Amino acid sequence: MNDRYASAKALYQSLGIDTEAALETLQKFPISMHCWQGDDVNGFDREGALTGGIQTTGNYPGRARNPEELMADIEKALSLIPGKHRVNLHASYAIFQPGQWADRDALLPEHFAPWVAFAKKLGIGLDFNPTYFSHPLAASGRTLSSEDPEVRAFWIRHTRCCLRIAEYFARELGTPSALNIWIPDGLKDTPADRGRPRRIYKEALDEIFATPYDHALVNVTIESKVFGIGLESYTVGSHEFYLNYAAKNNMLCLLDSGHFHPTENIADKIPSMLLFADKVALHVSRPVRWDSDHVLRLDDMLRDIAHEIVLAGPDRILLALDYFDASVNRVAAWVLGMRNMQKALLAAMLEPNQRLSELQAAGDFTQVLVLQEESKSLPYGDVWDEYCRRAGVPERAAWFDEVLAYEKTVLAARS
Ligand code: RNT
Ligand code: ZN
């Protein structure tokens, strides 16, 4: 056993914290790694700009330009991240054989067969997202809430295709697939009627889910937002809309940590929602003053979210990341964010949570404060290094050497 780990283990033991149990539990938190960090949310199904009120900024070289490159980059990233995780795909990442193409309302499982083969090779599960942006029928800023019945019908058909594809992922890979619905729909300026688009959207969702899907295979999640670029004044799929829709229709809410007012604490929402829902789904992101989707840092927000995830336990949380930074090496962005998420989870497990909860219940807030602060300088980094060692991935920043080598040999050759 490594000396530093042995001494950390003993120190934690003296505080009643079992590092071995923490190392074990950390493995039970698979994180769904978002494929879209690798290619700046471009996808493969059509040319054209990223729309929907989201944006990537930066022009760091080496963006994945096709399925082969994206898969190679994902595989590289996963090889530097301890544990078994998942990959989160968008419908726009369909892979067509030469001469074959299908619009979003005609997507079939076969258009994702190469992704399934890839996931089987890596022994991982896949999650999925319908793509209601970067498409001519999303150009008006309205998809499932569109005033035009034909536009609505198109996106209803699209969502149904995606349900079938998520079922296919789950069946093939032997692990349920999360299907996350996020629509960009909103208005640039103050609405005249806030209710109308939401009524239309609600009816569209009702119509989609009137067709059954296999609940054992697919966890449908619905993701709220507060604003988008060019859609600053109003978002159809608001938090209250989805909270209630999910409760009434036995679905799960997804909280994206960038989709709330800047001082709102996402961590605080998790235990409240878990009193009324089986699970909460998360898109962990880092909003810098707004929904900027920066790479995760090990900051207070992340640690607070991790604390609530740990208290909830692995069975109650569907954990995914969502950020896209094009100004840095994209493989590094994945690895750093995934490792930070795991570090935050581990650090949260290595706090005296039981004791703290008892002290809070007893009203001893001075001790809560002191213990919370003292926990921050406990040697969780030594336990993290041990986790990496046991998982056979590079410790500390050594993973970055591999990313640099990959950049030199693979990424640099891309124009
Ligand atoms: C957008 C949402 C959504 C997307 C991805 C690409 O604000 O966060 O989850 O980022 O689906
Ligand atoms: Zn999101």
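Look above for the structure.
Only a predicted model underlies this, so the values are computations on that prediction, with no experimental measurement involved.

A. Seen up close, unusual backbone geometry. With a phi angle near 70°, arginine 289 is a residue other than glycine that sits in the positive phi range. Locating arginine 289 in the fold gives a position in the loop between strand 9 (280-284) and helix 9 (300-312). Judged by relative accessible area, which is 77%, arginine 289 ranks as exposed. Phi is positive for aspartate 293, close to 55°, though the residue is something other than glycine. Among the structural elements, aspartate 293 can be located in the loop between strand 9 and helix 9. Aspartate 293 gets classed as buried once you look at its relative accessible area, which sits at 4%.

B. Fine view of the side chain of asparagine 180. As for its placement among the helices and strands, asparagine 180 is situated in strand 4 (residues 177-181). Engagement of the side chain of asparagine 180 in a polar contact is seen with the side chain of threonine 221, the distance being 2.9 Å. Excluding its chain neighbours within four sequence positions, the residues that come into contact with asparagine 180 are Phe128, Asn129, Pro130, Thr221, Ile222, Glu223, Leu254 and His283.

C. Here's a closer look at the coordination of the zinc ion (ligand 2). At the metal site, the zinc ion (ligand 2) is ligated by Glu223 (OE), Asp256 (OD), His283 (ND1) and Asp322 (OD), and these contacts range over 2.1 to 2.2 Å. Classification of the site at the zinc ion (ligand 2) as octahedral follows from its six donor atoms and the range of 71 to 167° in their angles at the metal. For the zinc ion (ligand 2), all donor residues lie on one chain, and their spacing in sequence is E-x32-D-x26-H-x38-D. On the criterion of sequence distance, the pair formed by glutamate 223 in strand 6 (residues 218-223) and aspartate 256 in strand 8 (residues 252-256) is long-range, its members being 33 residues apart. Across the pair, exposure class does not vary: glutamate 223 and aspartate 256 are buried alike.

D. Region of the structure containing the site of ligand 1. Taken together, Trp36, Ile54, His90, Trp182, Glu223, Lys225, Asp256, His259, His283, Asp291, Asp322 and Phe324 make up all the residues around ligand 1. In the model, an oxygen atom of ligand 1 is placed 2.7 Å from a nitrogen or oxygen of the glutamate 223 side chain. If ligand 1 stood free it would expose 310 Å²; the protein chains cover 100% of that surface. In this structure the site holding ligand 1 corresponds to the largest cavity. Grouping the constituent residues of the shell around ligand 1 by class yields four nonpolar, three polar and five charged.

E. Highlighting the nonpolar core. Formed by 127 residues in total, the largest nonpolar core has its most connected members in Ile74, Phe112, Trp115, Phe128, Leu282, Met341 and Leu345. Not counting residues up to four positions away in its chain, the partners in contact with isoleucine 74 are Met33, Cys35, Val87, Trp115, Phe118 and Trp334.

F. Geometry of the side chain of histidine 239. With respect to the element layout, histidine 239 can be found in helix 7 (residues 239-249). Sequence-distant contacts of histidine 239, defined by excluding residues within four places in its chain, comprise Ser224, Leu255, Phe260, Lys269 and Met273.

G. Region of the structure containing helix 5 (residues 149-173). The terminal C-alpha atoms of helix 5 lie 36 Å apart, and with 25 residues this matches the ideal 36 Å at 1.5 Å per residue to within 8%. N-cap assignment for helix 5: the residue whose side-chain oxygen lies 2.8 Å from the backbone N of glutamate 150 is aspartate 148. Following helix 5 by one or two positions, glycine 174 adopts a phi angle in the positive range, close to 70°.

H. Local environment of empty space enclosed by the protein. Under the counting rule described, the total for this entry stands at four cavities of 30 Å³ or more. Size it by volume and the largest cavity reaches roughly 180 Å³. Together, 18 residues line the largest cavity, and Ile54, His90, Trp182, Glu223 and Asp322 are the ones closest to its centre. Of the residues contributing to the lining of the largest cavity, the split by class is seven nonpolar, five polar and six charged. Roughly 70 Å³ of volume is contained in the second largest cavity. Lining of the second largest cavity is provided by Gly53, Ile54, Gln55, Lys225, Phe227, Gly228, Ile229, Trp290, Asp291, Ser292, Asp293 and Phe324. Residues belonging to the lining of the second largest cavity are distributed by class as follows: five nonpolar, four polar and three charged.

Analysis parameters
Residues numbered from 1 in each chain as written. Chains lettered and ligands numbered in written order. Predicted model: local features only at pLDDT ≥ 70, side-chain atom pairs only at ≥ 80, totals over all residues. Heavy atoms only, no water. Helix = DSSP H or I, 4+ residues; strand = E, 2+ residues; numbered from the N terminus. Buried < 20%, exposed > 50% of the residue type's maximum accessible area, 1.4 Å probe, protein only. Polar contact = N/O pair within 3.5 Å; in protein donor to acceptor, adjacent residues only side chain to side chain. Contact = heavy atoms within 4.5 Å. Donors = N, O, S within 2.8 Å, 3.2 Å for Na, K, Ca; no water. Tetrahedral: all angles 85-135°; square planar, octahedral: opposite > 155°, others 65-115°. Near = heavy atom within 4 Å. Areas by Shrake-Rupley, 256 points an atom, 1.4 Å probe, with all protein chains shown as cover. 1 Å grid on protein atoms, 1.4 Å probe; cavity = no way out; pocket = protein on both sides within 12 Å on 5 of 7 lines; lining within 4 Å. Sits in = over half its atoms within 2 Å of the grid points. Nonpolar A, V, L, I, M, F, W, Y, C, P; charged D, E, K, R; others polar. Core = buried A, V, L, I, M, F, W, Y, C linked by side-chain atoms within 4.5 Å. Expected span 1.5 Å × (residues − 1). Points joined across faces, edges and corners; volume = space filled by probe spheres on them.

These results come straight from atomic positions and should not be treated as a statement about function.
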